[in-house]
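The primary structure of each chain is shown beneath.
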Amino acid sequence: MRIPPQDTPKLVDSTARAAYRRRIQPDALFLHDAAIDEVQDRLSMVNRTFTAPAVVTPLPQVWGGAVPGAQVIQDAEVLELEPAAHDLVVHAMGLHWANDPVGQLIQCRRALKPDGLFLAVALGGETLHELRATLGQAEVEVSGGLSPRIAPMAEIRDLGGLLQRAGFALPVADNVDLRAEYRDIWHLMRDLRAMGEGNALHARLRHPTRRAVFQRAQELYHSSFATDLGRLPATFDLICLTGWSPDESQPKPLRPGSATARLADALKTKEGKLSD
């Protein structure tokens, strides 16, 4: 298993993250419900029966029945996965809070049998872009500084690259944009805390923020993003990753120059030379 070096800077305060998760409200977990739908939809398109699945998640109580027969384990930094023990591993809604996301992916790959399937669902870089922009501008205007408030979630291209770095074959990354609407910025922040997605960054402010910052953020949010009915939209970028544990049976890319037919013939056109 890959264990992060002890001197690696920590992005996430695991104690604060655990505290938020203990206060989760079941009626606020619409993101997990959407993620479960995405995982089940993708599995339904795979022509295979999985006999030894595992699910890695911060919320075992939510994901326990999402994949029938799965071993459900906590998304700790060192995952309790046995090497080559599973034909399916699902990393469910925890990767965006990992201090070492590549390490998480490598551990999942090592837990897969050859030609085993890996699926991950996590929040991506466009998540809460409205809140990130307005809170940042408000804090600069009111306090003259900027503090970490929303986790720096990876873009879809970066996450696809992490699959390759972790050694997965046939990597695919795609996303689903979800949007919720709120009465005001305080309603949104209460909902984030209720779903366990509050600010658990290690470098966060350790004292209360002035109310004037949030008041100014509310004004900016409303003026820049409000709907026709005065509601505040919040974007959640749900990124889905798929990869396979390498195996000799998997398709391989053709060698350059090995084609047996010309593209021009297939297109029924003439092949010309490039201009100088």
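Owing to the predicted nature of the structure, the values given are computational and were not obtained by experimental measurement.

Re the overall build of the protein chain
What the protein chain contains, in helices and strands, is nine helices and six strands. A burial count over the protein chain gives 48% of its 276 residues as buried. If you take every contact in the protein chain between residues at least 6 apart in sequence, the share linking residues at least 24 apart comes to 81%. On the protein chain, roughly 15,000 Å² of surface is accessible, and the fraction owed to carbon and sulfur atoms is 52%.

Details of the pattern of salt bridges
Enumeration over the complete set of coordinates arrives at seven salt bridges. For Arg21, the salt bridge is made with Asp75, and the minimal N-O distance between the two is 3.1 Å. Of this pair, Arg21 sits in helix 1 (residues 14–22) while Asp75 sits in the loop between strand 2 (71–74) and strand 3 (86–92); the two residues are 54 residues apart in sequence, bridging distant segments of the chain. Here Arg21 falls in the buried class, since its relative accessible area comes to 15%. Classification of Asp75 by relative accessible area gives buried; the value is 6%. Among the ionic pairs, Glu181 bridges to Arg179, the shortest N-O distance being 3.3 Å. We classify Glu181 as partly exposed; its relative accessible area is 35%. A network of salt bridges, in which partner residues are shared, links Glu38, Arg42 and Asp174.

Considering unusual backbone geometry
Of note in the backbone geometry, Met93 takes a positive phi value of approximately 60° without being a glycine. Locating Met93 in the fold gives a position in the loop between strand 3 and helix 4 (101–110). Judged by its relative accessible area of 1%, Met93 is buried. With a phi angle near 55°, Leu128 is a residue other than glycine that sits in the positive phi range. Inspection of the secondary structure assignment puts Leu128 in the loop between strand 4 (112–123) and helix 5 (129–143).

Some remarks on a positive patch on the surface
On the surface, Arg22, Arg23, Arg183, Arg190 and Arg193 cluster together to form a positively charged patch. Mapped onto the elements, Arg193 comes out in helix 7 (residues 185–194).

Focus on the pairing of strand 1 (residues 53–57)
Counting buried residues in strand 1 gives five out of five residues, a clear majority hidden from the surface. Along strand 1, one buried face is formed by Pro53, Val55 and Thr57 and the opposite face, lined by Ala54 and Val56, is buried too. Pairing of strand 1 with strand 3, which is carried by four bridges, proceeds in the parallel orientation. Note that in strand 3 the partner of Pro53 across the bridge is Leu88. Two strands pair when backbone bridges link them, and strand 1 and strand 2 are joined in this way by four bridges, in the parallel orientation.

Points about helix 1
Restricting attention to buried positions, one finds in helix 1 the residues Ala16, Arg17, Ala19, Tyr20 and Arg21. Looking at the buried side of helix 1, the elements it contacts are strand 2 and helix 7.

Side note on the pairing of strand 4
Buried residues dominate strand 4, accounting for ten of its twelve residues. For strand 3 and strand 4, the ladder comprises six bridges, and the chain directions are parallel. Among the inter-strand pairings, His91 is bridged to a residue of strand 4, identified as Ala120. Between the parallel pair strand 3 and strand 4, the chain is carried across by helix 4, and the sense of this crossover is right-handed. In this sheet, strand 6 (residues 232–244) lies alongside strand 4 in antiparallel orientation, the contact comprising seven bridges. Following the sheet pairing, Ala120 is matched in strand 6 by Leu241.

About the cut-offs
- Residues numbered from 1 in each chain as written.
- Predicted model: local features only at pLDDT ≥ 70, side-chain atom pairs only at ≥ 80, totals over all residues.
- Heavy atoms only, no water.
- Helix = DSSP H or I, 4+ residues; strand = E, 2+ residues; numbered from the N terminus.
- Buried < 20%, exposed > 50% of the residue type's maximum accessible area, 1.4 Å probe, protein only.
- Contact = heavy atoms within 4.5 Å.
- Areas by Shrake-Rupley, 256 points an atom, 1.4 Å probe, with all protein chains shown as cover.
- Salt bridge = Lys/Arg side-chain N within 4 Å of Asp/Glu carboxyl O.
- Patch = residues over 30% accessible without salt bridge, like charges linked within 9 Å, V, L, I, M, F, W, Y side chains within 5 Å.
- Lys, Arg positive; Asp, Glu negative; His and termini not counted.
- Charge placed at Lys NZ, Arg CZ, Asp CG, Glu CD.
- Pairing = 2+ DSSP bridges.
- Right-handed = clockwise from strand over helix to strand, strands pointing away.

Fair warning: the whole summary comes from geometry, so function is off the table for now.
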